[in-house]
Amino acid sequence: LGQCEVTIGAWQRVFDDKIGRNRVAPELPVNGVSAERVQEFLRFLTAVEKAAGRVPEGYEYRLPSKAEWEY
């Protein structure tokens, strides 16, 4: 799991979405996005981090499973 939430500023560096009233505060966490957009963000993040050598082979960014989340 990440150490902090994805901020609106980080999200907007990947997507040019208008994501609600929080658009004026880039340090706030992203909210109100679809699961499909989250998956796109995670695929992009994985590709960028792998290209930079910061993600080992066979690893990827993903959402936790239900069991992992409950743990």
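These notes cover the structure that comes with them.

Thresholds applied
- Residues numbered from 1 in each chain as written.
- Predicted model: local features only at pLDDT ≥ 70, side-chain atom pairs only at ≥ 80, totals over all residues.
- Heavy atoms only, no water.
- Helix = DSSP H or I, 4+ residues; strand = E, 2+ residues; numbered from the N terminus.
- Buried < 20%, exposed > 50% of the residue type's maximum accessible area, 1.4 Å probe, protein only.
- Salt bridge = Lys/Arg side-chain N within 4 Å of Asp/Glu carboxyl O.
- 1 Å grid on protein atoms, 1.4 Å probe; cavity = no way out; pocket = protein on both sides within 12 Å on 5 of 7 lines; lining within 4 Å.
- Points joined across faces, edges and corners; volume = space filled by probe spheres on them.
- Nonpolar A, V, L, I, M, F, W, Y, C, P; charged D, E, K, R; others polar.
- Core = buried A, V, L, I, M, F, W, Y, C linked by side-chain atoms within 4.5 Å.
- Phe/Tyr/Trp six-rings, centres within 6.5 Å; stacked < 30°, edge-to-face > 60°.

**Details of the environment of G9**
Inference 1: Along the chain, G9 falls in helix α1 (residues 8-14).
Inference 2: The buried category is assigned to G9, whose relative accessible area is 11%.
Inference 3: Between the C-alpha atoms of G9 and W69, which are 60 residues apart in sequence, the distance is 25 Å.

**Focus on the pattern of salt bridges**
Inference 1: For the structure shown, the criterion picks out 3 salt bridges.
Inference 2: Between E40 and R37 there is a salt bridge; the shortest N-O distance is 3.2 Å. Of the two residues, E40 and R37 both sit in helix α2 (residues 35-51), 3 residues apart, roughly one turn of that helix.
Inference 3: E68 is the partner of R62 in a salt bridge, and the nearest nitrogen-oxygen pair spans 2.8 Å.
Inference 4: Classification of E68 as partly exposed rests on a relative accessible area of 37%.

**Considerations on the layout of surface pockets**
Inference 1: Of the volumes computed, that of the largest pocket is approximately 970 Å³.
Inference 2: Together, 28 residues line the largest pocket, and G2, C4, V6, L42 and L63 are the ones closest to its centre.
Inference 3: Broken down by secondary-structure element, the contributors of at least two residues to the lining of the largest pocket are α1, α2 and α3 (66-70).
Inference 4: Among the elements that take part in the lining of the largest pocket, α2 stands out by supplying 7 residues, more than any other.
Inference 5: Residue composition of the lining of the largest pocket, by class: 19 nonpolar, 3 polar and 6 charged.

**Some thoughts on the nonpolar core**
Inference 1: Core analysis: the largest hydrophobic core is formed by 7 residues, namely I8, W11, F15, V30, V38, F41 and L42.
Inference 2: Every element with two or more residues in this core is listed here: α1 and α2.
Inference 3: The greatest single-element share of this core, amounting to 3 residues, is contributed by α2.

**A word on the packing of aromatic side chains**
Working definition: an aromatic ring pair is given by the centre-to-centre distance plus the angle between the planes.
Inference 1: Tallying each qualifying case throughout the model produces 2 aromatic pairs.
Inference 2: Relative to F41, the ring of W11 lies with its centre 5.1 Å away and its plane at 20 degrees, an arrangement referred to as stacked. Separated by 30 residues along the polypeptide, W11 in helix α1 and F41 in helix α2 bring together distant segments of the chain.
Inference 3: Three or more aromatic residues joined by ring pairs make a cluster, and in this case those are W11, F15 and F41.

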